[in-house]
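In case you want the letters, here they are:
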Amino acid sequence: MSVLDQFNKQKYLNLETFRKNGEGMKTPVWFAQDGGIIYVQTVANSGKVKRIRNNGHVNITPCKMDGSPIGTWIPAAAREITDTEIFQRVNHLLDKKYGLMKKILARQAAKAGRQDTILEIKIIE
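Definitions and limits used
- Residues numbered from 1 in each chain as written.
- Predicted model: local features only at pLDDT ≥ 70, side-chain atom pairs only at ≥ 80, totals over all residues.
- Heavy atoms only, no water.
- 1 Å grid on protein atoms, 1.4 Å probe; cavity = no way out; pocket = protein on both sides within 12 Å on 5 of 7 lines; lining within 4 Å.
- Points joined across faces, edges and corners; volume = space filled by probe spheres on them.
- Helix = DSSP H or I, 4+ residues; strand = E, 2+ residues; numbered from the N terminus.
- Nonpolar A, V, L, I, M, F, W, Y, C, P; charged D, E, K, R; others polar.
- Buried < 20%, exposed > 50% of the residue type's maximum accessible area, 1.4 Å probe, protein only.
- Arc of directions from axis to C-beta.
- Contact = heavy atoms within 4.5 Å.
- Pairing = 2+ DSSP bridges.
- Axes fitted to C-alpha atoms, helices over the stretch in contact; angles between N-to-C directions.

Report on the layout of surface pockets, specifying residues and quantitative values.
Of the volumes computed, that of the largest pocket is approximately 410 Å³. Taken together, 18 residues line the largest pocket, and the ones lying closest to its centre are W30, Q41, T42, R114 and D116. Breaking the lining of the largest pocket down by element, the ones donating at least two residues are β2 (24-30), β4 (37-43) and α2 (84-111). The element best represented in the lining of the largest pocket is α2, accounting for 7 residues. Residue composition of the lining of the largest pocket, grouped by class: 10 nonpolar, 4 polar and 4 charged.

Here it is as structure tokens:
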């Protein structure tokens, strides 16, 4: 059994990133799994992206919509991905997983001029 099995059939992931002073910041996010990699699509200039650019060490756990953990925290490494093929693949995976709600939110974000980026998260073994 893989440590990633706890994310199967889950809608939300709690992503803990770290400020420069070491303080952890937890954020529930939508995610897609592709093999042993977890992807998150988020606003490019968000705090979590800035923190990951500074320090790629993160912790993750499946969670409820409000961020309440429902699994075990796992240390992982995160980095921002700028590859357009991966961006399209992740966008497709998220569309399949979240359906109409994802499409509605994506349309609203596009109208607002929001720029998204992809975070790649790999378990530290």
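That shown, we press on.
Any chance you could break down helix α1 (residues 47-54) for me, citing the residues and the numbers?
Those residues of α1 lying buried are K48, V49, R51 and I52. Along the axis of α1, the buried residues cluster in a sector spanning 165°; they form a single face. Where α1 is buried, its residues touch β1 (12-18), β2, β4, β5 (57-63), β6 (74-81) and β7 (116-123).

Run through the pairing of β4, naming residues and quoting values.
Burial within β4 is extensive, with 6 of its 7 residues counted as buried. Pairing geometry for strand β3 (residues 32-34) and β4, over 3 bridges, is antiparallel. Following the sheet pairing, Q33 is matched in β4 by I38. Between β3 and β4, which pair antiparallel and follow one another directly, the connecting turn spans 2 residues, one of which, G35, has a positive phi of 65°. Bridge count for β4 against β7 is 7 bridges, and the pairing is antiparallel. Its bridge partner lying in β7, T42 is registered against T117.

Tell me about the sheet that holds β4, and please be specific about residues and values.
Reading across the sheet, the 7 strands line up as β2-β1-β5-β6-β7-β4-β3 and stay open at both edges, with antiparallel pairing between neighbours. With partners counted over all chains shown, the strands left at the sheet margins are β2 and β3, one partner each. When strand polarity is set aside, the average angle formed by the axes of neighbouring strands in this sheet is 35°. In this sheet, β2 lies alongside β1 in antiparallel orientation, the contact comprising 7 bridges. Paired with L13 across the bridge in β2 is V29. On the sheet, α1 packs against β1, β2, β4, β5, β6 and β7 and is oriented at approximately 55° with respect to β1. Those strands touched by α2 are β1, β2, β3, β4, β6 and β7, and its axis lies near 65° from that of β4.

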